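Structure at a glance
Given next are the chains, with one letter for each unit.
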Amino acid sequence: MEYEDLTTFDREDRNKWVDGDGAVDARVVTEGENSFWSGKIEGREISTFKPSLRKIFNIDPRLMGNMFLVTYRYRFKQEVLHYIQIAMTNDKHQIWAGTLVHPGTPGEEWQDS
């Protein structure tokens, strides 16, 4: 048994992703054949957490305890000046997995998680 959940945002299909209260001007954008979520993130102290984009995954209980591979692509409009954590969490905001984006990450270039 496997669990697959692919989101492309094509034709603004969000696949149950919703905007969180940590983003401003959130929307789905299409450039050519590429559709993606776009929003401005607000910096905050490391001890606080506000999701910019969020989704609840309803995983079959028979799969609980298994490991999952989560991949995504991301980019920023300009070079990253400070550390940014892209995190996947449970409902108590305990980080399960994530990507630490380092200062100097170039803007306008798609990055793989």
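Scroll up a little and you will see the structure.
Residues numbered from 1 in each chain as written. Predicted model: local features only at pLDDT ≥ 70, side-chain atom pairs only at ≥ 80, totals over all residues. Heavy atoms only, no water.

Let us look at the pattern of salt bridges. This model, assessed by the stated rule, comprises eight salt bridges. Here Asp-25 makes a salt bridge to Lys-40, at a shortest N to O gap of 3.1 Å. In this pair, Asp-25 sits in strand β2 (residues 23–31) while Lys-40 sits in strand β3 (residues 34–41), placing the two residues 15 residues apart along the sequence. Its relative accessible area of 44% is what places Asp-25 among the partly exposed residues. When the shortest N-O distance is used, the salt bridge between Glu-108 and Arg-75 registers 3.8 Å. Within this pair, whereas Glu-108 is found in the loop between β7 (95–101) and β8 (111–112), its partner Arg-75 is found in the loop between β5 (73–74) and β6 (84–89), the two being separated by 33 residues in sequence. (Salt bridge = Lys/Arg side-chain N within 4 Å of Asp/Glu carboxyl O. Helix = DSSP H or I, 4+ residues; strand = E, 2+ residues; numbered from the N terminus. Buried < 20%, exposed > 50% of the residue type's maximum accessible area, 1.4 Å probe, protein only.)

On to the packing of aromatic side chains. Enumeration according to the criterion identifies four aromatic pairs in this entry. Their ring planes at 80° and their centres at 5.9 Å tell us that Trp-17 and Phe-57 sit as a pair that is edge-to-face. Within this pair, whereas Trp-17 is found in the segment before β1 (18–19), its partner Phe-57 is found in the loop between β4 (53–54) and β5, the two being separated by 40 residues in sequence. Both rings, one in Tyr-74 and one in Phe-76, keep their centres 6.0 Å apart while their planes meet at 70°; by these two values the pair is edge-to-face. Grouping residues by exposure puts Tyr-74 and Phe-76 together as buried. Among the aromatic residues, ring-to-ring pairing joins Tyr-72, Tyr-74 and Phe-76 into one connected group. (Phe/Tyr/Trp six-rings, centres within 6.5 Å; stacked < 30°, edge-to-face > 60°.)

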